[in-house]
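Per-entry structural report
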Amino acid sequence: VSQGMDPVSAGLLVSTISAGNLCGSLFMPMFAAKTGRDKLFIIVFAIVCAVGYAFAWRLSGIANYVVFFVMGLCSSALMPFFFSMPVKFKDVGPRYAGTATGIVSTLELAGALVLPGLVVPACMTGAGIDYTRFFLIDGAAFIVVLLIIFFLPETGWKANAADKV
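In short, a report on the structure. (Residues numbered from 1 in each chain as written. Predicted model: local features only at pLDDT ≥ 70, side-chain atom pairs only at ≥ 80, totals over all residues. Heavy atoms only, no water.)

1. Some details on the packing of aromatic side chains
Inspection of the entire model under this criterion finds five aromatic pairs. Aromatic pair Tyr131 and Phe135: ring centres 6.3 Å apart, planes at 25°, arrangement stacked. Here Phe135 and Tyr131 lie together in helix 5 (residues 131–151), a separation of four residues that amounts to about one turn. Judged by relative accessible area, which is 34%, Tyr131 ranks as partly exposed. Taking the relative accessible area as the measure of exposure, Phe135 reaches 19% and is therefore buried. With centroids separated by 5.1 Å and ring planes inclined at 85°, the aromatic side chains of Phe134 and Phe135 adopt a geometry described as edge-to-face. Aromatic ring contacts, followed pair by pair, group Phe41, Phe45 and Phe81 into a single cluster. (Phe/Tyr/Trp six-rings, centres within 6.5 Å; stacked < 30°, edge-to-face > 60°. Helix = DSSP H or I, 4+ residues; strand = E, 2+ residues; numbered from the N terminus. Buried < 20%, exposed > 50% of the residue type's maximum accessible area, 1.4 Å probe, protein only.)

Quick look at the structure:
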């Protein structure tokens, strides 16, 4: 709305993101499971989110809706991977899966609480919120996620099959 978008278009844009969220959380893990390589999908999704959140908000027209759908798809596709990962780690497995998943949930909720409290005040100016800075920081947060992903092992079934050989 701050870019001169009317409220109906803004609502449609948010709905487009939500539709992407639904499709991403339902279908993208299935595609990754068919390939047997989860980490590649996670890396691609994190890169799309980093670039999308940093720059896509400046788009207009139909490109805005398409890119925001893809961003919603990629950002929500990350969650099923992260929540299922602890069970797939050799040292965690089913025995400690509840504890590990609880830690993942706690970190996710802590990020949802702490990051807005840090990001929004850092973006405040005398005239309101500096949206350029706000979305660049959002993109940078996905870069941090991407760096963490590089240290995680592959958890797809092809990696498990290679370990058993």
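Moving on from the model shown.
2. Quick notes on the packing of helix 2 (residues 38–55) against helix 3 (residues 62–88)
As a packed pair, helix 2 and helix 3 sit with axes 9 Å apart at the nearest point and diverge in direction by 140°. The pairing of helix 2 with helix 3 is recorded here as oblique in orientation. The hand of the helix 2/helix 3 crossing is left-handed. Here Asp38, Phe41, Ile42, Phe45, Ala46, Val48, Cys49, Gly52 and Tyr53 of helix 2 lie close against helix 3, whose contacting residues are Val70, Met71, Cys74, Ser75, Ala77, Leu78, Phe81, Phe82, Met85 and Lys88. Its residues assigned to classes, the contact of helix 2 with helix 3 comprises 15 nonpolar, two polar and two charged. (Axes fitted to C-alpha atoms, helices over the stretch in contact; angles between N-to-C directions. Parallel < 35°, antiparallel > 145°, perpendicular 65-115°, else oblique. Left-handed = near helix turned anticlockwise from the far one by under 90°. Contact = heavy atoms within 4.5 Å. Nonpolar A, V, L, I, M, F, W, Y, C, P; charged D, E, K, R; others polar.)

3. Looking at a nonpolar patch on the surface
Residues Leu22, Leu26, Phe27, Met30 and Phe31 make up a contiguous nonpolar surface patch of roughly 500 Å² in combined accessible area. Of note, Leu26 is situated in helix 1 (residues 7–35). Residue classification places Leu26 among the partly exposed positions, given a relative accessible area of 47%. (Patch = residues over 30% accessible without salt bridge, like charges linked within 9 Å, V, L, I, M, F, W, Y side chains within 5 Å. Areas by Shrake-Rupley, 256 points an atom, 1.4 Å probe, with all protein chains shown as cover. Salt bridge = Lys/Arg side-chain N within 4 Å of Asp/Glu carboxyl O.)

4. Quick notes on the pattern of salt bridges
One pass over the full model with this rule turns up two salt bridges. A salt bridge links Asp130 to Arg133, with the nearest nitrogen and oxygen atoms 3.7 Å apart. Among the residues examined, Asp130 registers a relative accessible area of 24% and is labelled partly exposed. Classification of Arg133 as partly exposed rests on a relative accessible area of 36%.

5. Observations regarding the side chain of Thr155
Take Thr155: it is sitting in the loop between helix 5 and helix 6 (157–164). Note on Thr155: relative accessible area 4%, which makes it buried. Polar contacts involving the side chain of Thr155 include one to the side chain of Asp38, which spans 3.1 Å. (Polar contact = N/O pair within 3.5 Å; in protein donor to acceptor, adjacent residues only side chain to side chain.)

6. Points about the state of the cysteines
The final tally for this structure, using the stated rule, is zero disulfides. Of the cysteine sulfurs around Cys23, a residue in no disulfide, the closest is that of Cys74, at 12 Å. Unpaired in terms of disulfides, Cys74 finds its nearest cysteine sulfur in Cys49, a separation of 5.3 Å. (Disulfide = S-S within 2.5 Å.)

7. Quick look at helix 4 (residues 97–123)
Here helix 4 contains 27 residues, and its C-alpha end-to-end distance of 38 Å stays within 8% of the 39 Å for a straight helix at 1.5 Å per residue. For helix 4, the secondary structure elements touched by its buried residues are helix 3, strand 1 (124–125), strand 2 (128–129) and helix 5. (Expected span 1.5 Å × (residues − 1).)

8. Considering the nonpolar core
If you look at the biggest cluster of nonpolar residues, it comprises 19 residues, and the most contacted ones within it are Ile42, Phe45, Leu78, Phe81, Phe82 and Ile149. Within the second largest apolar cluster, seven residues are counted, among which are Ala56, Trp57, Met71 and Phe135. (Core = buried A, V, L, I, M, F, W, Y, C linked by side-chain atoms within 4.5 Å.)

9. Points about the environment of Phe82
Tracing the backbone shows Phe82 in helix 3. Given a relative accessible area of 18%, Phe82 falls into the buried group. Put simply, Phe82 and Val48 are 34 residues apart on the chain and 17 Å apart in space, counted from C-alpha to C-alpha. Contacts of Phe82, omitting those with residues within four sequence positions, involve Ile42, Val104, Val145 and Ile149.

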